[in-house]
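One-letter residues, chain by chain:
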Amino acid sequence: MKEFKVLILGSDANAYYMARCAYEAYHKKAHLIAKDRLAFTKFSNILTIEYHEDLWDETKFIEYVNTYAKENANYKILMISTNETYSVYIARNKEKFLENIIFPNQSESVLVTLTNKEKFYKTYKHSTLDFPETYYFDTTKSTVIPTMNYPMILKPANVVEYNHLEFAGKHKIFKLNSEEELKRTIELIKKAGYKDRLILQEFIPGDDSHLFDSVVYVDKKGKVKVISFAQIGIQERSKSMVGNAAALINGFNTFGIDPEPMKEKIITFMETLGMNGFYEFDMKYDEKTKTFKVLEINARQGRCSYYISPLGANLVETLVKDLIEKEELPKKDLKGEILLSFVPKKIIKKYVSNDKFKQKALKMWRKRVSPMECKEDKNFLRFLMMKKRLWHYQKEYKDSYWKE
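Owing to the predicted nature of the structure, the values given are computational and were not obtained by experimental measurement.

### Examining the overall build of the protein chain
Part 1 of the reasoning: Helix and strand content of the protein chain: twelve helices and 17 strands.
Part 2 of the reasoning: Against the globule reference of 22 Å for 404 residues, the protein chain gives a C-alpha radius of gyration of 21 Å, in line with a compact fold.
Part 3 of the reasoning: Residue burial in the protein chain is summarised as follows: out of 404 residues, 58% are buried.
Part 4 of the reasoning: Nonlocal contacts in the protein chain, meaning residues at least 24 apart in sequence, comprise 71% of its contacts between residues at least 6 apart.
Part 5 of the reasoning: With 68 positive and 55 negative side-chain charges, the protein chain shows a separation of 4 Å between the mean positions of the two kinds.

### Describing the pattern of salt bridges
Any two side chains of opposite charge can pair, so long as their charged atoms come close to each other.
Part 1 of the reasoning: If you walk through the whole model with that rule in mind, you get 29 salt bridges.
Part 2 of the reasoning: The partner of Arg 92 in a salt bridge is Glu 58, with the nearest N and O atoms 2.8 Å apart. Of this pair, Arg 92 sits in helix α3 (residues 84-92) while Glu 58 sits in helix α2 (residues 58-71), and the two are 34 residues apart along the sequence.
Part 3 of the reasoning: For Arg 92, a relative accessible area of 39% corresponds to the partly exposed category.
Part 4 of the reasoning: The shortest N-O distance in the salt bridge between Arg 184 and Glu 180 comes to 3.6 Å. Within this pair, Arg 184 and its partner Glu 180 are both found in helix α7 (residues 179-191), separated by four residues, close to a single helical turn.
Part 5 of the reasoning: Of the residues examined, Glu 180 reaches a relative accessible area of 58% and is grouped as exposed.
Part 6 of the reasoning: In the salt-bridge network here, residues are joined through shared partners; they are Glu 260, Lys 263, Asp 333 and Lys 335.

### What about the nonpolar core?
Part 1 of the reasoning: Membership of the largest hydrophobic core comes to 67 residues, with the highest contact counts inside it found for Ile 8, Ile 234, Ile 308 and Val 316.
Part 2 of the reasoning: Top element by residues in this core is helix α1 (residues 13-26). It accounts for nine residues.
Part 3 of the reasoning: When near neighbours in sequence (up to four residues on either side) are disregarded, Ile 308 contacts Val 215, Val 226, Ser 228, Phe 278, Ala 313, Asn 314, Leu 315 and Leu 334.

### Brief notes about the sheet that holds strand β2 (residues 30-34)
Part 1 of the reasoning: Strands sit in the order β3-β2-β1-β4-β5 across an open sheet of five strands; the sheet is parallel. Each edge of the sheet is formed by a strand with only one pairing partner; in this case those strands are β3 (47-51) and β5 (101-102).
Part 2 of the reasoning: Here strand β1 (residues 4-9) runs beside strand β4 (residues 76-81); their pairing, made up of six bridges, is parallel. When the bridges of β4 are listed, Phe 4 appears paired with Lys 76.
Part 3 of the reasoning: α1 contacts β1, β2, β3 and β4 of the sheet and is inclined by roughly 165° relative to β1.
Part 4 of the reasoning: Sheet strands in contact with α2 are β1, β2, β4 and β5, and its direction is about 160° off that of β1.

### Overview of α2
Part 1 of the reasoning: With 14 residues, α2 ought to run about 20 Å at 1.5 Å a step, and its terminal C-alpha atoms sit 20 Å apart, in line with that.
Part 2 of the reasoning: Of the surrounding secondary structure, the elements contacted by the buried residues of α2 are β1, β2, β4, α3 and β5.
Part 3 of the reasoning: Of the residues flanking the start of α2, the one acting as N-cap is Asp 57, its side-chain oxygen 3.0 Å from the backbone nitrogen of Thr 59.

### Describing the packing of aromatic side chains
Part 1 of the reasoning: This structure, assessed with the given rule, holds 25 aromatic pairs.
Part 2 of the reasoning: Between Tyr 351 and Tyr 397 the ring centres are 5.3 Å apart and the planes differ by 35°, which places this aromatic pair in the tilted class. One end of the pair, Tyr 351, is in helix α10 (residues 345-351); the other, Tyr 397, is in helix α12 (residues 380-398), and 46 residues separate them in sequence.
Part 3 of the reasoning: The ring of Phe 4 carries Lys 28 above its face, with NZ or CZ at 4.7 Å from the centroid.
Part 4 of the reasoning: Stacked on the ring of Tyr 136, the Lys or Arg Lys 122 has its end atom at 4.6 Å from the ring centre.

### Side note on the state of the cysteines
Part 1 of the reasoning: Within this structure, the stated rule accounts for zero disulfides.
Part 2 of the reasoning: No disulfide involves Cys 21; its nearest neighbouring cysteine sulfur is the one of Cys 374, lying 9.6 Å away.
Part 3 of the reasoning: By relative accessible area, which is 0% here, Cys 21 ends up buried.

Criteria and cut-off values
Residues numbered from 1 in each chain as written. Predicted model: local features only at pLDDT ≥ 70, side-chain atom pairs only at ≥ 80, totals over all residues. Heavy atoms only, no water. Helix = DSSP H or I, 4+ residues; strand = E, 2+ residues; numbered from the N terminus. Rg over C-alpha atoms; globule rule 2.2 N^0.38 Å. Buried < 20%, exposed > 50% of the residue type's maximum accessible area, 1.4 Å probe, protein only. Contact = heavy atoms within 4.5 Å. Lys, Arg positive; Asp, Glu negative; His and termini not counted. Charge placed at Lys NZ, Arg CZ, Asp CG, Glu CD. Salt bridge = Lys/Arg side-chain N within 4 Å of Asp/Glu carboxyl O. Core = buried A, V, L, I, M, F, W, Y, C linked by side-chain atoms within 4.5 Å. Pairing = 2+ DSSP bridges. Axes fitted to C-alpha atoms, helices over the stretch in contact; angles between N-to-C directions. Expected span 1.5 Å × (residues − 1). Polar contact = N/O pair within 3.5 Å; in protein donor to acceptor, adjacent residues only side chain to side chain. Phe/Tyr/Trp six-rings, centres within 6.5 Å; stacked < 30°, edge-to-face > 60°. Lys NZ or Arg CZ within 6 Å of the ring centre and 35° of its normal. Disulfide = S-S within 2.5 Å.

Put into structure tokens, the structure is as follows:
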């Protein structure tokens, strides 16, 4: 087999733990091409990184990737995306990448139905999945606010366009308590230059422990080979991170629910798409209907997906075996219990509302995994920065705009 290298696009937490996966599986340093100098990948000894401020320019993106491939022409290059912008660029420009670049096969037309939230809810309304009640507001035409029950959720339909905007008061997701708040938020987003639709959605009652996560890998033949199912105990609370799990436990839930029927729904859904690669399902359990409502599907591994690696499904190794070594992957239904936490124990103790989840997490604490804490990444400056990050979480939760 031709030797390979791992190329990761991005510099966030997702990019770091994927580099960690490469290092843990093969003792190889992944190379990152990134736009921003984010703390997650600074001062790391398990990766190399180059920065380009114009990486979101599609033509430049292709140029930078191909330059790296030319410089490593004797290697196969496994290319891994960590966000929707890069995933769309890759799917749209498959034929423009050099032959030694290997990546999951995704259809641009299908990918758009996952990354654009309006198309997502409308396209799969009659699929095997259940969704929250959803309305759409066109920022270029609509003036009438639909009648909603409050609190409600507002988020952009076009995630790629929204991610490219910067403005005061920007949140990843808005939780709004009145029509007045809704109108004010819509105006804020319009003035920032957003020109697509907004998603207005029912808020499913329940604290953070009603949130669930499933990571899925679909192989090159379109078959699901890896699936997990985890209960989230608490989500991130900063304005740009709400919706991401801060702590979760796989193979466990406090509601006594059998996850197998939902996992079968997920498998059936994914195997109809004809796509390849990692996907992450964000769900919320609706106690009224006893169903899991799908909030979104990320067409890539999610920010917290590292937990499947210690369960025997190293993310990079899975991609290598499927796409480079051309192996037939065994099916892995990951049922083992494991705690993943980005936040320190103090946050679990103080802010997790579900007492059963809290006690389980504290019991498992000594064997927890943290995506950002790699024992082999020995750099004192990184150690200090990560300690500072853990300390900063206390302020984030204390001052958070997002309340359960």
